[in-house]
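Analysis of the macromolecular model
Take a look at the letters that make up each chain.
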Amino acid sequence: MKLLTNKHIVLGITGSIAAYKSTTLASMLTKAGAKVDVVMTASAAKLVAPLTFQSVTGRRVYVDDDLWQGGSHVLHIDLGQKNDAFLIAPATANTIAKLAHGLADNLLAVTALASRTPLLVAPAMDGGMYANPATQANLRILAERGMTIIGPAAGHLASGLSGKGRMVEPEELFGRLRMVLGADGPLSGRKVVVTAGGTREPIDPVRVITNRSSGKQGYALAQAALDLGAAVTLISAPTCLTAPFGAALLNVTTADEMLTAVMGAVEDADVLIMAAAVADFKPAEQADEKIKKAGGVPTLTLEPTLDVLGAVAALPQSRPRLMVGFAAESQNLLENAQSKLSAKQLDLIVANDISAPQAGFDVDTNRVTLLRADGEKRDLPLMSKAEVAERVLGVVVDLLEDL
Ligand code: CTP
């Protein structure tokens, strides 16, 4: 993953039982290409062995003894200054108090004090400790200093009680880190609208006409735009996917709902990427009650839906600066894609041969050709949908720069 490749992340672990969840976060970051330096307090090291973090990150883990021994005699300055992001997760009430008052009595606290990058803090503690005015005042101090406080979430606590104090899940922490790292990217200050998934057109309250789109490519595009710093609205037809953290999600079901949502979202957008498989036809009538078998085989009359890209292209003023479409084809890929590029007045079309092995619906890989309105053509080899998304967004950045 481009955004995280070789990024230096300091991950501070303090003495909350949620420390075990941070092993998952450390693993996710490492798999995404980041160099994760874990710094543990003494209490954290009682809950999870440093060796566990060392095993998932493939890097040495720092504990208090390292402040006085070993390679670098200014370890805390090194760690504090040479990172791209610094996250303390879980952060106990004690560590939050230390940060608020500038205490530096362990390796993590002294590293945080020396850090030049904005700190992210994910509190985790008992509900009463979190609600305590002292903790609340300390968190306010951190927020006022520009630190990002993530959570805590409400739910079951280690005490057996239920309340606000749980560390947010590793997936959200991962998403928040991505947003911090991408914040100053080339799409910062831009709004990108992405559509995804296959619409469903109801026949009766039970049955629908739909298609095989999984939404994977569209969701990957939304994530890639977020990674470049864009504000992303993801308009999604039903999928089994979790929206990328930080995207504004609008759920729709039918082609008509997709059209309404897109028309609303593009008003102030810079880019529209239509990755959704929008139904071209819908039942002319929807039965109010379930159509019964005993009535015989029904005849369905279909009528066309409106073309979303066509409607956006026809907008007099609020047409986004760039429009990207997809052409999912089973034959004459490039000819069909080229004619859609011109007919729909697109700046870029992603031509997708759905008959190619490991490409198209429901798989994690794709094989596409990128055709630009200025005639430039780029054939991409088989790659993950995340990589395809990065390449598409790369062209979007280039095209925006040229405008
Ligand atoms: N599209 C759209 N509105 C529709 C149907 C499609 O905006 N009602 C968009 C898709 O999201 C895609 C592009 O148009 O970006 C091409 O979609 P595709 O289904 O390949 O082409 P169609 O125009 O529907 O033509 P055909 O189905 O005949 O290939």
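Residues numbered from 1 in each chain as written. Predicted model: local features only at pLDDT ≥ 70, side-chain atom pairs only at ≥ 80, totals over all residues. Heavy atoms only, no water.

Examining the pairing of strand E1 (residues 8-13)
Short version of the rule: Classification of residues uses two cut-offs on accessible area relative to the type maximum, computed with a 1.4 Å probe and protein chains only: under 20% is buried, over 50% is exposed, and between them is partly exposed. Put simply, DSSP marks the helices as runs of H or I at least four residues long and the strands as runs of E at least two long, and each gets a number from the N terminus on. Any two strands are treated as partners once DSSP identifies two or more bridges connecting them. The handedness of a crossover follows from its direction of travel: if, with the strands pointing away from the viewer, the path from the first strand over the helix to the second runs clockwise, the crossover is right-handed.
Here E1 lies mainly inside the structure; five of its six residues are buried. The pairing of E1 with strand E2 (residues 35-40) spans six bridges and is parallel. Its bridge partner lying in E2, Ile 9 is registered against Val 36. Of the crossover connections in this fold, the one passing from E1 over helix H1 (residues 19-31) to the parallel E2 is right-handed.

Let's talk about the site of the ligand
This is how the line gets drawn: Whether a residue is near a molecule or strand is decided by its heavy atoms; if any one of them lies within 4 Å of it, the residue is near. Contacts described as polar in this section are N or O atom pairs within 3.5 Å, which, within protein, must combine one atom able to donate a hydrogen with one able to accept it, while residues neighboring in sequence count only if both atoms come from side chains. We get accessible surface area from the Shrake-Rupley algorithm with a probe of 1.4 Å; when it comes to residues, only the shown protein chains can shield them. Gly falls in the polar group here, along with every residue not listed as nonpolar (Ala, Val, Leu, Ile, Met, Phe, Trp, Tyr, Cys, Pro) or charged (Asp, Glu, Lys, Arg).
Residues in contact with the ligand amount to 16 residues; listed here are only the nearest, Met 274, Ala 276, Phe 326, Lys 340 and Lys 344. At 2.8 Å, a backbone N or O of Met 274 approaches an oxygen atom of the ligand. Considered on its own, the ligand offers 570 Å² of accessible surface; in the complex 76% of this is hidden by protein. Secondary-structure elements contributing two or more residues to the shell around the ligand are helix H12 (308-313) and strand E16 (322-329). Residue contributions to the shell around the ligand peak at four residues, all from E16. In the shell around the ligand, the residues fall into 10 nonpolar, two polar and four charged.

Observations regarding the sheet that holds strand E3 (residues 85-91)
The condition is simple: Throughout, a residue-residue contact means that at least one pair of heavy atoms, one from each residue, lies within 4.5 Å. Lines are fitted to the C-alpha atoms to define the axes, a helix being fitted only along its stretch in contact, and any angle between axes, read from their N-to-C directions, falls within 0 to 180 degrees.
The parallel open sheet is built from five strands, whose spatial order is E2-E1-E3-E4-E5. Of all strands in the sheet, those with a lone pairing partner are E2 and strand E5 (148-149), marking the two edges. Judged from the four bridges that link them, E3 and strand E4 (residues 119-123) form a sheet pairing that is parallel. The partner of Ile 88 across the bridge, within E4, is Val 121. Sheet strands in contact with helix H6 (residues 107-114) are E1, E2, E3 and E4, and its direction is about 145° off that of E3. On the sheet, helix H9 (residues 170-182) packs against E1, E3, E4 and E5 and is oriented at approximately 160° with respect to E3.

Considerations on the nonpolar core
For clarity, the threshold we go by: Residues belong to one nonpolar core when they are buried, are Ala, Val, Leu, Ile, Met, Phe, Trp, Tyr or Cys, and are joined through side-chain atoms within 4.5 Å.
Leu 221 and Ile 273 are the most contacted members of the largest nonpolar core, which has 36 residues in total. Each residue touching Leu 221, except ones within four places of it in the same chain, is listed here: Val 194, Ile 273, Ala 275, Phe 326, Ala 389, Val 392 and Leu 393.

Topic: the packing of helix H5 (residues 93-101) against helix H8 (residues 133-144)
To keep it simple, the criterion reads: Each angle gets one of four labels, with under 35 degrees taken as roughly parallel, over 145 as roughly antiparallel, 65 to 115 as roughly perpendicular, and the rest as oblique. By definition, any crossing whose near helix is turned counterclockwise from its far helix by less than a right angle is left-handed, and any crossing with a clockwise turn is right-handed.
Remark: H5 packs on H8, axes separated minimally by 9 Å, with the N-to-C direction vectors making an angle of 50°. On the basis of their axis angle, the class for H5 and H8 is oblique. Helix-helix and strand crossings are classified by hand; for H5 and H8 the assignment is left-handed. For the pair formed by H5 and H8, the contact residues are Ala 93, Ile 96, Ala 97, Leu 99, Ala 100 and His 101 on the first element and Thr 135, Asn 138, Leu 139, Ile 141 and Leu 142 on the second. Considering only residue class, the contact of H5 with H8 consists of eight nonpolar, three polar and no charged.

Focus on the side chain of Thr 92
The topology assignment puts Thr 92 in the loop between E3 and H5. Judged by its relative accessible area of 12%, Thr 92 is buried. Of the polar contacts made by the side chain of Thr 92, one reaches the backbone nitrogen of Thr 95; its length is 3.1 Å.

Considerations on the pattern of salt bridges
We apply this condition: Salt bridges are defined as contacts in which a side-chain nitrogen from Lys or Arg sits within 4 Å of a carboxyl oxygen from Asp or Glu.
The full count for this structure, using the stated rule, is 21 salt bridges. Here Glu 169 makes a salt bridge to Lys 21, at a shortest N to O gap of 2.9 Å. Here Glu 169 is found in the loop between strand E7 (162-166) and H9, whereas its partner Lys 21 is found in helix H1, with 148 residues between them in sequence. Using a relative accessible area of 35% as the deciding quantity, one classes Glu 169 as partly exposed. Its relative accessible area of 12% is what places Lys 21 among the buried residues. Linking Lys 340 and Glu 329 is a salt bridge whose minimum nitrogen-to-oxygen distance equals 2.4 Å. With Lys 340 in helix H13 (residues 333-343) and Glu 329 in strand E16, the pair connects residues that are 11 residues apart, well separated along the chain. One continuous salt-bridge network, built from bridges that share partners, spans Arg 372, Asp 374, Glu 376 and Arg 378.

Some points on the domain arrangement of the protein
Here is the rule: A domain assignment, automatic or from a database, supplies the domain bounds used here. When two parts are put together, the accessible area they lose, computed with a 1.4 Å probe and summed over both, is reported as buried area.
We note that the domain assignment places domain 1 (2-181) and domain 2 (185-402) within the protein. For domain 1 versus domain 2, the distance between C-alpha centres works out to 38 Å. In this assembly, seven residues from domain 1 lie in contact with five residues from domain 2. For the domain 1 face of the interface with domain 2, the top three residues by lost area are Lys 2, Arg 178 and Met 179, together amounting to 62%. Linking domain 1 to domain 2 there are one salt bridge. A salt bridge links Asp 227 to Arg 178; its shortest N-O distance comes to 2.6 Å.

Quick look at the packing of H1 against helix H3 (residues 50-57)
As a packed pair, H1 and H3 sit with axes 8 Å apart at the nearest point and diverge in direction by 20°. In terms of orientation, H1 and H3 fall into the roughly parallel class. The two elements H1 and H3 meet at a crossing, and its hand is right-handed. Of the residues in H3, those touching H1 at Ala 19, Ser 22, Thr 23, Ala 26, Ser 27 and Thr 30 are Thr 52, Phe 53, Val 56 and Thr 57. In terms of residue class, the contact of H1 with H3 is made up of four nonpolar, six polar and no charged.

Quick notes on the sheet that holds E16
An order of E12-E11-E8-E13-E16-E17-E19-E20 is seen for the eight strands of this open sheet, with the pairing classed as mixed. Strands with a single pairing partner mark the edges of an open sheet, and in this sheet they are strand E12 (248-251) and strand E20 (377-379). With strand direction ignored, the average angle separating the axes of adjacent strands in the sheet is 15°. When strand E13 (residues 271-274) meets E16, the two strands line up parallel, connected through four bridges.

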